[in-house]
Amino acid sequence: MNYTFDKLDQMEGHDFEYAIADLLRHNGYRDVQVTQGSGDYGIDILARRKNVKYAIQCKRYKKPVGVKAVQEAGLGTDFYHCDAAAVITNSSFTKQAQTLAQNTGVRLWDRTFIEELISNYDEEYDKIDPDIAQAFIKESRVKLQPKVSAAQEVSMKAGPKQQKEEKEEKGILLAKGIYAVNGKIRYFNRDHTYRQAKQDQIALLGMCWLMIAMIPCFFIIAPYLFLIALFILGLGVWGLNYCKRIKQALHQYDRLKKENRL
């Protein structure tokens, strides 16, 4: 079938889903199926490429797609026991959606990606056995390269078991350098309960302000310890910044708990 953006942009939502499924199938994706119209948990298409099983949400929009679609794709992925989540649209994505996708590993496939699907549409796939078609497509067509980060690319090459182990080991990013792992909050290479992290934040905050408050004493009692005073000031400022990160992580942890993602 010949697809154009004029046709795709005018389609109803479910027709758009079937069109995207057909494009994926003719670009080397296997086991492609469209989910039921209601109760699909935010996932419209299931597909497999190499060792990666994708849960895909389709959005035929005239405006940029927001964070809600990224959140739904991530949650639906767990329900369908898939390895990766993706949102595909004939439009683009907001900056907030792009930021959330980078932190959660959700693939964002925009209008450019669909254009590549259209240009690489291989009708030979319909004429021969699917397994043979896979080999034919691999040899005769330039491989479609989804727009993913280097870290995501490495994850895609790994098998599902390895991906699961890596995900469990690293956990969910809560703040810079702080992760949620097996229901606990990990920082400084140690796991903490929510209560322990809260206590650490309060203790570190108090200690940092105490260190900063002591600096004037150095100049009064021992002015020659100027460099030590500067070092303590820098340490105090670093500690205050880390307190902010722990506070941000606790807030993110609460949000994920409410969404039943932990």
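An account of the accompanying structure is given in this report. All figures in this text were calculated on a predicted structure; none of them were measured in a lab.

## Brief notes about helix 2 (residues 13-25)
Given 3.6 residues per turn, any residue in an α-helix points the same way as the ones three and four places further on. Over its 13 residues, helix 2 runs 19 Å from end to end, which matches the ideal 18 Å to within 8%, given 1.5 Å per residue. Lining the buried residues of helix 2 we find helix 1 (5-10), strand 1 (30-34), strand 2 (45-49), strand 3 (52-59), strand 4 (84-89) and helix 5 (111-119).

## Structural notes on the environment of Asp 9
Relative to the assigned elements, Asp 9 resides in helix 1. Distance from Asp 9 to Tyr 61, taken between C-alpha atoms, is 8.0 Å for residues 52 residues apart in sequence. The residues contacting Asp 9, other than those within four sequence positions of it, are Arg 60, Asn 90 and Arg 111.

## Quick notes on the pairing of strand 3
Burial within strand 3 is extensive, with seven of its eight residues counted as buried. The pairing of strand 2 with strand 3 spans five bridges and is classified as antiparallel. Across the sheet, residue Ala 47 finds its bridge partner in strand 3, namely Tyr 54. Hairpin connection, strand 2 to strand 3: the antiparallel pair is bridged by two residues, and Lys 50 has positive phi, about 55°. Bridge analysis of strand 3 against strand 4 gives six bridges, and the strand direction is parallel. Bridge pairing links Ile 56 to Ala 86 in strand 4. Viewed along the sheet, the connection from strand 3 through helix 3 (residues 67-79) into strand 4 turns out right-handed.

## What about the environment of Leu 75?
Topologically, Leu 75 is positioned in helix 3. Overall, Leu 75 belongs to the partly exposed group, its relative accessible area being 37%. Through-space distance from the C-alpha of Leu 75 to that of Tyr 41 is 7.7 Å; in sequence the pair is 34 residues apart.

## Focus on the pattern of salt bridges
The tally for this structure, following the rule as stated, stands at four salt bridges. A salt bridge links Asp 22 to Arg 25; the shortest N-O distance between them is 3.8 Å. With Asp 22 and Arg 25 both in helix 2 and three residues apart, this pair spans about one turn of that helix. A relative accessible area of 14% means that Asp 22 is categorised as buried. The exposure class assigned to Arg 25 is partly exposed, which follows from its relative accessible area of 28%. A salt bridge links Arg 48 to Asp 31; the shortest N-O distance between them is 3.3 Å. Placement of Arg 48 in strand 2 and of Asp 31 in strand 1 is noted, with a sequence separation of 17 residues between them.

## Focus: the sheet that holds strand 6 (residues 172-175)
Reading across from one edge, 6-7-8-9 is the order of the four strands in this open sheet, with antiparallel pairing throughout. In the strand order of this sheet, the two ends are held by strand 6 and strand 9 (190-192), each with one partner. Taking the axes of each pair of neighbouring strands and ignoring which way they run, one obtains an average angle of 35° across the sheet. Where strand 8 (residues 184-187) lies against strand 9, three bridges are found, and the strand directions are antiparallel. In the strand pairing of strand 9, Ile 185 is matched with His 192. Helix 10 (residues 226-258) contacts strand 6, strand 7 (178-181) and strand 8 of the sheet and is inclined by roughly 130° relative to strand 6.

What counts as what
Residues numbered from 1 in each chain as written. Predicted model: local features only at pLDDT ≥ 70, side-chain atom pairs only at ≥ 80, totals over all residues. Heavy atoms only, no water. Helix = DSSP H or I, 4+ residues; strand = E, 2+ residues; numbered from the N terminus. Expected span 1.5 Å × (residues − 1). Contact = heavy atoms within 4.5 Å. Buried < 20%, exposed > 50% of the residue type's maximum accessible area, 1.4 Å probe, protein only. Pairing = 2+ DSSP bridges. Right-handed = clockwise from strand over helix to strand, strands pointing away. Salt bridge = Lys/Arg side-chain N within 4 Å of Asp/Glu carboxyl O. Axes fitted to C-alpha atoms, helices over the stretch in contact; angles between N-to-C directions.

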